[in-house]
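Spelled out from the first residue to the last, the chains are:
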Amino acid sequence: VREGGRAYMVDGDGRVIAHPDISFALAQRDFSELPVVRHVVHNDASIDPAKSYFNEFEEEVIGTGARIAPILNGSGDLETGWFVIAELPREIAMEAVETMTRYMEILLLSVFLLASGVAVIFARRMTAPLGTLVAASQALGRGDINARAVVHTRDEIQDVALAFNIMAERLGASIADLKREQEVIAAERNKIEVALSGITDGVIAVDFDRRIILLNKATETLLGVSASEAMGKYIADVMHLIEKGRP
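Residues numbered from 1 in each chain as written. Predicted model: local features only at pLDDT ≥ 70, side-chain atom pairs only at ≥ 80, totals over all residues. Heavy atoms only, no water.

**Points about the sheet that holds strand β4 (residues 60-67)**
In step 1: Here five strands make up an open sheet; going across it, the order is β2-β1-β7-β4-β3 and the pairing antiparallel. Two strands in the sheet have a free side with no partner beyond their single neighbour: β2 (16-18) and β3 (53-54).
In step 2: Sheet topology note: the strand β1 (residues 6-10)/β2 ladder contains two bridges and is antiparallel. In the sheet register, Met9 faces β2, and the bridge partner there is Ala18.
In step 3: Across the sheet, helix α3 (residues 90-141) is in contact with β4 and β7 (83-89); its angle to β7 comes to roughly 80°. (Pairing = 2+ DSSP bridges. Helix = DSSP H or I, 4+ residues; strand = E, 2+ residues; numbered from the N terminus. Contact = heavy atoms within 4.5 Å. Axes fitted to C-alpha atoms, helices over the stretch in contact; angles between N-to-C directions.)

**Regarding the packing of aromatic side chains**
The description of two aromatic rings rests on the distance between their centres and on the angle between their planes.
In step 1: A full pass over the atoms with the stated rule returns three aromatic pairs.
In step 2: Arranged with centres 5.2 Å apart and planes meeting at 85°, the rings of Tyr8 and Phe31 form a pair that is edge-to-face. Here the residue Tyr8 occupies a position in strand β1, and Phe31 occupies one in the loop between α1 (22-26) and α2 (35-41), the gap between them amounting to 23 residues.
In step 3: According to the relative accessible area criterion, Phe31 is buried, its value standing at 3%.
In step 4: With centroids separated by 6.1 Å and ring planes inclined at 65°, the aromatic side chains of Phe24 and Phe31 adopt a geometry described as edge-to-face.
In step 5: Overall, Phe24 belongs to the buried group, its relative accessible area being 6%.
In step 6: Within the aromatic cluster, the residues linked to one another by ring pairs are Tyr8, Phe24, Phe31 and Phe57. (Phe/Tyr/Trp six-rings, centres within 6.5 Å; stacked < 30°, edge-to-face > 60°. Buried < 20%, exposed > 50% of the residue type's maximum accessible area, 1.4 Å probe, protein only.)

**Observations regarding the side chain of Glu87**
In step 1: Turning to its location among the elements, Glu87 is positioned in strand β7.
In step 2: Within polar-contact distance, the side chain of Glu87 engages the side chain of Tyr8 at 3.2 Å. (Polar contact = N/O pair within 3.5 Å; in protein donor to acceptor, adjacent residues only side chain to side chain.)

**Some points on the pairing of β1**
In step 1: Side chains of β1 alternate between two faces, with Arg6, Tyr8 and Val10 buried and Ala7 and Met9 left unburied.
In step 2: Alignment of β1 against β7, held across five bridges, turns out to be antiparallel. Residue pairing for β7: Met9 is matched across the bridge by Val84.
In step 3: Here β1 folds back onto β2 in antiparallel fashion, the turn holding five residues, of which Gly14 has a positive phi close to 85°.

**A closer look at the environment of Asp237**
In step 1: Position of Asp237 relative to the elements: it lies in helix α7 (residues 235-245).
In step 2: On the basis of relative accessible area, Asp237 is assigned to the partly exposed category, the value being 42%.

**Structural notes on the nonpolar core**
In step 1: Tyr8, Val10, Phe31, Leu34, Val36, Val37 and Ile85 are the most contacted members of the largest nonpolar core, which totals 15 residues.
In step 2: Within the residue set of this core, elements represented by two or more residues are β1, α1, α2 and β7.
In step 3: Of all the elements, α2 adds the most residues to this core, at four residues.
In step 4: Beyond its immediate stretch of four places on either side in the chain, Tyr8 contacts Ala18, His19, Pro20, Phe31, Leu34, Val36, Val37, Phe83, Val84, Ile85 and Glu87.
In step 5: Leu133, Ala136, Leu140 and Phe164 belong to the second-largest nonpolar core, a separate cluster that totals nine residues. (Core = buried A, V, L, I, M, F, W, Y, C linked by side-chain atoms within 4.5 Å.)

**Considering unusual backbone geometry**
In step 1: Not every positive phi belongs to a glycine, and Gln28 is a case in point at roughly 50°.
In step 2: Of note, Gln28 is situated in the loop between α1 and α2.
In step 3: Residue Arg154 is not a glycine yet carries a positive backbone phi of 55°.
In step 4: Along the chain, Arg154 turns up in the loop between α3 and α4 (156-197).

Next comes the structure, spelled out in C-alpha cells:
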C-alpha cells in the first residue's frame, strides 16, 4: 500500500481479522458499515466505489477491495469469505489523479505539437513546389523563354511541372524559328531594296491581297507619294488618290 494508506482483512461478516493495529483484529472490530466493506463483501450496488468516505478515524479516504482466493484448511476443505481492503487518504489519491491528469495533458500537448509540426512540414512540401511552378509561369509570361520549373516531388505537381517545361521548350523553339524567319525575310527585303534603288523605272511590289509591300525611289518620284504613305495600302487606293490629286 502506498505511503499514507493502509490495508486490512475482514471476514464475510465485515469483522476485522487482520489490521496494522493488532487491537482491531483481536477485538474483531465490525467494519461492515464502511461503504467499501459493504461494496466488496455484500456486493452493495448502491455504493459508488470511486466515492470517498470517512473511516473509523473520521479520515476521508478512498477504498477498494477484493475477495481472497480460497485456501485449503487443515481438514482439506476450501475456506472462503475473507476479503482484503485497501484505503488511501483522499488528498493522496487526488494528488495521484492530478499527477496523471498533468501527464495526460503534457502527452496530449506533445501529440498536438508533433501533429502540427508534421502538418507544417507537409504543407511546406506542397506549397514550395507550387511556388516554384507559379514563379516559372510568371517569368515565362514576362518573356523569359528559358524559364523552367524544377520540381522533384514524385507526385501530380511534378507531372504538371514537367508538362509546363515541355510547353515552354516548344514555345521557345517556335519563337526561335519565327525570329530566324524574320531575319531571313528582312535580309531578302534589304537585298530587293538595294536592287530596286538602282533601277530608274518605277517598281511596285504587292502581296496576294494587292497591298503595297515595296516601292522604289523612282516610283515615289513618279507618283509623288512617299513609301511610308503607300506601304500596306491597296494599290488601287493609292492610284485613285494620285488621280484625284492631279489637276
